[in-house]
Every structure is written in C-alpha cells, then in structure tokens.
There are 2 protein chains.
Amino acid sequence: MTTGMPHIAQRPRRADGRRNYDAILAAARKAFEADGSEASLESIAAQAGVAIGTLYRHFPARASLVEAATRDGLADLVAHAERLASSSDPLRALSEWMEQAVRHFSTFRGLVGILAQSMYDEGTPSHAMCSAMHRSGADLLHAAQTAGLIRADLTPGELFDLLSGAAWVREQSLPDRDGSPRLLRLILEGITTRAQEP
Amino acid sequence: MTTGMPHIAQRPRRADGRRNYDAILAAARKAFEADGSEASLESIAAQAGVAIGTLYRHFPARASLVEAATRDGLADLVAHAERLASSSDPLRALSEWMEQAVRHFSTFRGLVGILAQSMYDEGTPSHAMCSAMHRSGADLLHAAQTAGLIRADLTPGELFDLLSGAAWVREQSLPDRDGSPRLLRLILEGITTRAQEP
DNA sequence: TTGACATCCTGAGGCACCCTCAGTTTGACT
DNA sequence: AGTCAAACTGAGGGTGCCTCAGGATGTCAA
C-alpha cells in the first residue's frame, strides 16, 4: 500500500454488482461499529450474503472498505468546515469543527489509526479525503490565527496531531465514560492566545 | 481478561525454566521493538529456541508477556517520579517526567493501547504498574498545582489522557519525523497557569 | 547414587482469518 | 438468441492463536 495509484472503489456497472457492493458496505458499517476496523472480512461477506471473493473483488484491501464506509461522513465534515469558514466568530467556528472532527475520527475503533496513516501516505485509499480535511481544517485554523485568537505558531499538522490524539483517547474509553469533550476543551483553551485571558 | 486475578508471571524455579523464561523475554523485546505488540508469538518462541507451548506456559496471555517486557522500564519511570517529587522546581519536574512518560509509553507500537486499558481494568497484568505510575504522576501534578503553576482543575486522569494521546501520536509517526517533543511542549504550555505569562 | 515426582517441555491439531485464482454464472447489449 | 465482459463462487494454501496429552528432566530427599 505504499506504491501505485490509490484505489478508490467505484460502484460497479452491473446490477448484481451494485447490489452486492451496497450489501457489503452496509454489513461492513455494522461490523466496524461493533468490532472495530479489524472486524472479520469473512463474516462481513457472510453477513452480506456474498462469497468472500466477491468482497475482495469490490474492495481489494481492508483499507478501501474502510474508506468507502467512512467517505460520506468525512465528506460531511469537509462540507461543514467550508460552511464555517465564513463565520464571523472564527474561534467558535474552529471549536465547533474540532468537536465534530474528533467525533468523526472515532466513528469506530481503529479508524483514527488508519486516517493518521492516510494523512501522509499518498498510496492509501483515504488519502484524498484526508487531504481535503487537512485543507479545510487549516483554513479554519488560519482564520482564527489571523484574528489573533489562536497562538500563531501552531501548524495545521500539529492541530491534527492534537485532534488525532483526542480521537484516539475517545476511541479507547468506554462509551459511557467519554472524557473527550473535556479533553477537547483543555486542548482548545491550551492553544488560545494568552492575552485573551483576564 | 476481565475477571480473576491479574497474572503476574514470576520466574520459574527450575533451571531450564528460568533459562527459557529469559530467552523468551529477550526474543519478545526484540520482536515487539520490530513488529509492535502484535508480533507473532510463534516466531518469538522460535526465536527463543523453544516450543510454542513453553511460551504459553510462562506467559499465558500476550498481555502478560508485554507486561514482563515493559516492567523494568516502567518501574524506572516510577522511581524517577519519586526522585523528582522532592524537586524545588515542580513545573520543571512535571515537565521532565511527562517527557519521560511519553517515551516509555511508546516503547513499541501498540503499547499505549495496552497501558490505557490496564489503567482502568484491574484484571490485567499491567494494572499494578499503571496504578503506581498514576500515583506517582498525580503527586508531581499536585505539587505543581499547589505551587500555582498548573491549572488547578486538571485531574490526574486528564493528564494521563493527554500523555497517552501524545504517546499514541508518537507511536504512529515514523521515527525520523517524531513530532512528540513539540506536541508535549504545546500540551505543557496549554495546561500551565495563565497568570504566569507576560 | 538413586529413585520419585513435580516441574517443565513438546508439537500436533483444531480453529479462525487472510487472500488468491481457476472455473462458472449472469447481466447487458446487439 | 447469441456473445462476452463483468461478476460470482468457494476450495485451498498460508499464517497465527491456543490447548492438551504425553514425554523429558531438574531437583531433592533418602
């Protein structure tokens, strides 16, 4: 997964192909939700009522199945960022987006790890989406920095490291004991500009 | 791994037993270093010149092998914390300890995840060591808070979340592109008391 | 030294999962 | 109805996990 074109699965043309593609995707979403990104591909195929070879036909690597299963959600995140970019309150915009980003990054166990890899490895299915997120996030950060609300020496890469770390912590903790809102608040307050405080 | 006594592997009594125990541990350290905590146990056994059953005799679960492989390092960390506890510069002490903690947490890929689990799951081999770390880290934090140098509303649990997140990021990034020193600095500056700044 | 025996070791074997590929079926289009 | 690319199937070879019945051996006391 380091060389060659990134594989973005496209919907097949034949009717049975599309049917199976959709069934596999639905089963995968359910399985990832329950068992994390390491869920058994064979049981996903079985759940979709399809032979294992069919799954591999549509999604030649686990990462491409994960990409397809998360594409829409991450696209929403990017769209939301672009909507927020014109906000008159850049700090609030950034804060809101960070919250949503962490939520999306930890949709299921193991996802952040895959996304973190994809961020810098171009030969990866999710790389395109990650780049888009990076761009839109960087814009929000830059706006807040220009307004003097966020420390100017914080790079987009560092912001993503902080968000990934928070998402990973959220992923680890049990759903009922989710400390990520508090963690995110700490991070946000930690990177706001000092002069803003009384 | 949720019920029953935590299994702390103890050195076996017979000479051949001790020999094999040590050989397995050495092989495991090397394998974890190279392949992360998910390294193949069968190849570890082979590397140690021992049958797979022997490995399982000494380390009935992967987690107990990880525990044994990291025990000394984490014990050092706790000892260092206790030495730092009497420092006249609590902020520097905390900072130094945090740096070392992140380094130890990310000794090899997958370790932070295991430690994060062990922190709150008592039926886990590493739980005892994690508790000790928690205590000694909390002391350093408390000292810095009493001196008014760290925000008073930060709990030890939150500090560990931040450290775990940073360690995870470090674990993900390639050795040459390690951004964790910078990340740690951001975190530290983020939790210092606001009035301290000019 | 020599039993006696608890400790320790072995590795085959059942299970789960990964991924491939040769052979077969079928939808789509003429 | 005929053609054929697209899609499907599932056996099979590979890796890894973990167990357990049977065999080997170090230890210690007599």
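- You'll find chain A entered in an unreviewed UniProt entry as Transcriptional regulator, TetR family, with Streptosporangium subroseum given as the organism.

### Description of the interface of chain A and chain B
Phase 1 of the analysis: Between chain A and chain B, the contact holds 27 residues from the first and 26 residues from the second.
Phase 2 of the analysis: Summing the contributions of chain A and of chain B, the shared interface buries around 2300 Å²; its carbon and sulfur component is 57%.
Phase 3 of the analysis: Put simply, chain A and chain B have six salt bridges between them.
Phase 4 of the analysis: Taken together, the connections running from chain A to chain B amount to six residue pairs in polar contact (both at pLDDT 80 or more).
Phase 5 of the analysis: Looking at the side of chain A that touches chain B, the elements with two or more residues in it are helix H6 (111-120), helix H8 (156-172) and helix H9 (180-191) of chain A.
Phase 6 of the analysis: The greatest single-element share of the side of chain A that touches chain B, amounting to eight residues, is contributed by H8(A).
Phase 7 of the analysis: The residue makeup of the side of chain A that touches chain B, split by class, is ten nonpolar, eight polar and nine charged.

### Concerning the nonpolar core
Phase 1 of the analysis: Grouped together as the largest cluster of nonpolar side chains are 120 residues, with contacts concentrated most on Ile44(A), Trp97(A), Phe105(A), Ile44(B), Trp97(B) and Phe105(B).
Phase 2 of the analysis: If we ignore the near neighbours within four places in the chain, the residues touching Phe105(B) are Leu77(B), Leu111(B), Val112(B), Leu115(B), Met133(B), Phe160(B), Leu163(B) and Ala167(B).

### Some points on the protein's contact with DNA strand D
Phase 1 of the analysis: Looking at DNA strand D, there are 23 residues lining it, with Arg14(A), Asn20(A), Thr54(A), Ala15(B) and Tyr56(B) nearest.
Phase 2 of the analysis: A distance of 2.9 Å separates a phosphate oxygen of DNA strand D from a polar atom in the backbone of Ala51(A).
Phase 3 of the analysis: Listed by contribution, the elements that provide at least two residues to the surface near DNA strand D are helix H1 (15-35) and helix H3 (52-58) of chain A together with helix H1 (15-35), helix H2 (41-47) and helix H3 (52-58) of chain B.
Phase 4 of the analysis: Sorting elements by how many residues they give to the surface near DNA strand D places H3(A) first, with five residues.

### Focus on the confidence of the model for chain A
Phase 1 of the analysis: In this model, chain A carries a mean pLDDT of 94, and residues with pLDDT of at least 70 account for 92%.
Phase 2 of the analysis: Here residues 1-5 of chain A is a poorly scored stretch, pLDDT under 50, and it has eight contacts once near neighbours within four places are set aside; other chains count.

### Examining the domain arrangement of chain A
All names here are of chain A.
Phase 1 of the analysis: Parsing chain A into structural domains produces domain 1 (10-60) and domain 2 (63-191).
Phase 2 of the analysis: Centre-to-centre, using C-alpha coordinates, domain 1 lies 27 Å away from domain 2.
Phase 3 of the analysis: Opposite the 15 residues of domain 1 that make contact, domain 2 presents twelve residues.
Phase 4 of the analysis: Here domain 1 packs against domain 2, burying approximately 1000 Å² in sum over the two surfaces, 64% of which is carbon and sulfur.
Phase 5 of the analysis: When the buried area of domain 1 at its contact with domain 2 is split by residue, Arg29, Phe32 and Ser37 rank highest and sum to 46% of it.
Phase 6 of the analysis: Put simply, domain 1 and domain 2 have three residue pairs in polar contact (both at pLDDT 80 or more) between them.
Phase 7 of the analysis: Elements with a contribution of two residues or more to the side of domain 1 that touches domain 2: H1 and helix H2 (41-47).
Phase 8 of the analysis: Of the residues belonging to the side of domain 1 that touches domain 2, the class tally is ten nonpolar, two polar and three charged.

### As for the packing of aromatic side chains
Phase 1 of the analysis: Applying the stated rule across the entire model yields seven aromatic pairs over all chains.
Phase 2 of the analysis: With 5.0 Å between their ring centres and 35° between their planes, Tyr21(B) and Phe59(B) make a pair best called tilted. Note that Tyr21(B) is positioned in helix H1 and Phe59(B) in the loop between H3 and helix H4 (62-84), a separation of 38 residues in sequence. Accessibility classification places Tyr21(B) together with Phe59(B) in one group, the buried group.
Phase 3 of the analysis: In this structure, Arg177(B) packs its charged tip against the face of Tyr120(A), placed 5.3 Å from the ring centre.

### Some thoughts on the packing of helix H4 (residues 62-84) of chain A against helix H5 (residues 90-105) of chain A
Residues and elements named next belong to chain A.
Phase 1 of the analysis: At a minimum axis separation of 10 Å, H4 and H5 run at an interaxial angle of 180°. Judged by the inter-axis angle, H4 sits roughly antiparallel to H5. Across from Gly73, Leu74, Leu77, His80, Ala81 and Leu84 in H4, the residues of H5 making contact are Ala93, Glu96, Trp97, Gln100, Ala101, His104 and Phe105.
Phase 2 of the analysis: Broken down by class, the residue content of the contact of H4 with H5 amounts to eight nonpolar, four polar and one charged.

### Observations regarding the protein's contact with DNA strand C
Phase 1 of the analysis: The immediate surroundings of DNA strand C are formed by 23 residues, with Tyr56(A), Arg14(B), Asn20(B), Ala51(B) and Thr54(B) found nearest.
Phase 2 of the analysis: The contact atoms of DNA strand C, taken as those within 4 Å of the protein, divide so that sugar and phosphate hold 66%.
Phase 3 of the analysis: The backbone of Leu41(A) places a nitrogen or oxygen atom 3.0 Å from a phosphate oxygen of DNA strand C.
Phase 4 of the analysis: In the model, a phosphate oxygen of DNA strand C is placed 3.0 Å from a nitrogen or oxygen of the Arg13(B) main chain.
Phase 5 of the analysis: Elements represented by at least two residues in the surface near DNA strand C include exactly H1, H2 and H3 of chain A together with H1 and H3 of chain B.
Phase 6 of the analysis: For the surface near DNA strand C, the leading source of residues is H3(B), giving five residues.
Phase 7 of the analysis: Considered class by class, the residues forming the surface near DNA strand C number nine nonpolar, six polar and eight charged.

### Notes on the UniProt feature "DNA-binding region" (unreviewed entry) in chain A
Phase 1 of the analysis: What UniProt calls "DNA-binding region" (unreviewed entry) maps, in this numbering, to residues 40-59 of chain A.
Phase 2 of the analysis: Across residues 40-59 of chain A, helical content stands at 70% and strand content at 0%; the span's end C-alpha atoms are separated by 14 Å.

What counts and how
Residues numbered from 1 in each chain as written. Chains lettered and ligands numbered in written order. Predicted model: local features only at pLDDT ≥ 70, side-chain atom pairs only at ≥ 80, totals over all residues. Heavy atoms only, no water. Contact = heavy atoms within 4.5 Å. Buried area = accessible area lost by both parts, 1.4 Å probe. Salt bridge = Lys/Arg side-chain N within 4 Å of Asp/Glu carboxyl O. Polar contact = N/O pair within 3.5 Å; in protein donor to acceptor, adjacent residues only side chain to side chain. Helix = DSSP H or I, 4+ residues; strand = E, 2+ residues; numbered from the N terminus. Nonpolar A, V, L, I, M, F, W, Y, C, P; charged D, E, K, R; others polar. Core = buried A, V, L, I, M, F, W, Y, C linked by side-chain atoms within 4.5 Å. Buried < 20%, exposed > 50% of the residue type's maximum accessible area, 1.4 Å probe, protein only. Near = heavy atom within 4 Å. pLDDT = per-residue confidence, 0-100. Domains from an automatic or database assignment. Phe/Tyr/Trp six-rings, centres within 6.5 Å; stacked < 30°, edge-to-face > 60°. Lys NZ or Arg CZ within 6 Å of the ring centre and 35° of its normal. Axes fitted to C-alpha atoms, helices over the stretch in contact; angles between N-to-C directions. Parallel < 35°, antiparallel > 145°, perpendicular 65-115°, else oblique. UniProt positions renumbered as here; feature names shortened; annotations may be inferred.

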